[in-house]
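Inside the fold
Single-letter residue listing:
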Amino acid sequence: MSKYLYIEPDLIKNNMFGDDQMIKTFIGMYLTHCQTDFDNLSQAVEQQDLAEISSKAHHMKPTMAYIGAKELHVQFQVLESAARRGTDLVLILPLFHDLKTQFNHVMLELDHFYSSLS
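Residues numbered from 1 in each chain as written. Predicted model: local features only at pLDDT ≥ 70, side-chain atom pairs only at ≥ 80, totals over all residues. Heavy atoms only, no water.

In a regular helix each residue adds 1.5 Å, so 15 residues correspond to 21 Å; helix H4 (residues 70-84) covers 21 Å between its end C-alpha atoms and thus fits that length. For H4, the complete set of buried residues consists of Leu72, Phe76, Leu79, Glu80, Ser81, Ala82 and Ala83. For H4, the secondary structure elements touched by its buried residues are helix H2 (20-46), helix H3 (50-66) and helix H5 (89-116). (Helix = DSSP H or I, 4+ residues; strand = E, 2+ residues; numbered from the N terminus. Expected span 1.5 Å × (residues − 1). Buried < 20%, exposed > 50% of the residue type's maximum accessible area, 1.4 Å probe, protein only. Contact = heavy atoms within 4.5 Å.)

Okay, structure coming up:
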């Protein structure tokens, strides 16, 4: 049983062919880029820009799938679809806030996993 709630280290290792150096390099990049991408999504939410919310949420989905964060992948899809349909921000904001909480947990897990690599 994994000690992680969201990420799947075995999937990450498989995706990187078990190459520890490659894993460490990519996880390091994910830690930086995912936070930047999420900050961009947050800015789109603050600006109430539905097109950008949709675009930024769409952009983050592949990484979530790649690290095994399936639940977050689905939540990014829900946010993307809601924004694309023009859903009122009153309904989008709770989706975003739940997503933000879980995203922060994913980043902590990813950072822990990164630190555990030799």
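There is more to say after this.
Right, let's get into the side chain of Thr87. By secondary structure assignment, the location of Thr87 is in the loop between H4 and H5. Setting aside chain neighbours within four positions, we find Thr87 in contact with Leu50, Ala82 and Ile92.

Here we come to the pattern of salt bridges. A complete count under the given rule lists 4 salt bridges for this structure. Lys61 is paired through a salt bridge with Glu80; the nearest N and O atoms lie 2.8 Å apart. Placement of Lys61 in helix H3 and of Glu80 in helix H4 is noted, with a sequence separation of 19 residues between them. Between Arg84 and Glu80 there is a salt bridge; the shortest N-O distance is 2.2 Å. Of this pair, Arg84 and Glu80 both sit in helix H4, 4 residues apart, roughly one helical turn. On the basis of relative accessibility, which here comes to 53%, the residue Arg84 falls in the exposed class. (Salt bridge = Lys/Arg side-chain N within 4 Å of Asp/Glu carboxyl O.)

Where H2 contacts H3, the axes come no closer than 9 Å and their chain directions differ by 155°. Here H3 runs roughly antiparallel to H2, going by the angle between their axes. In this structure, H2 crosses over H3, and the sense of that crossing is left-handed. Here H2 contributes Tyr30, Cys34, Asp37, Phe38, Asn40, Leu41, Ala44 and Val45 to the contact with H3, which in turn contributes Glu52, Ile53, Lys56, Ala57, His59, Met60, Thr63, Met64 and Tyr66. (Axes fitted to C-alpha atoms, helices over the stretch in contact; angles between N-to-C directions. Parallel < 35°, antiparallel > 145°, perpendicular 65-115°, else oblique. Left-handed = near helix turned anticlockwise from the far one by under 90°.)

With that out of the way, let us pick up unusual backbone geometry. The phi dihedral of Phe17 falls on the positive side, at around 60°, and the residue is not glycine. We classify Phe17 as exposed; its relative accessible area is 72%. Even without being glycine, Gln48 reaches a positive phi, approximately 55°. Structurally, Gln48 can be placed in the loop between H2 and H3. Assessed through its relative accessible area of 55%, Gln48 is described here as exposed.

Counting residues in each nonpolar core, the largest one holds 35 residues, and the members touching the most others are Leu41, Ile67, Leu72, Phe76 and Phe103. For this core, the secondary-structure elements that each account for two or more residues are H2, H3, H4 and H5. (Core = buried A, V, L, I, M, F, W, Y, C linked by side-chain atoms within 4.5 Å.)

Okay, the packing of H3 against H5 next. Packed helix pairs are characterised by how far apart their axes lie and by the angle those axes make with each other. Where H3 meets H5, the axes come as close as 13 Å, and the angle between the chain directions of the two elements is 30°. By the criterion of interaxial angle, the relationship of H3 to H5 is roughly parallel. Crossing geometry of H3 relative to H5 is assigned as left-handed. On H5, the residues that touch Leu50, Ile53, Met60 and Met64 of H3 are Leu89, Ile92 and Phe103. Taken together, the residues that form the contact of H3 with H5 break down as 7 nonpolar, no polar and no charged. (Nonpolar A, V, L, I, M, F, W, Y, C, P; charged D, E, K, R; others polar.)

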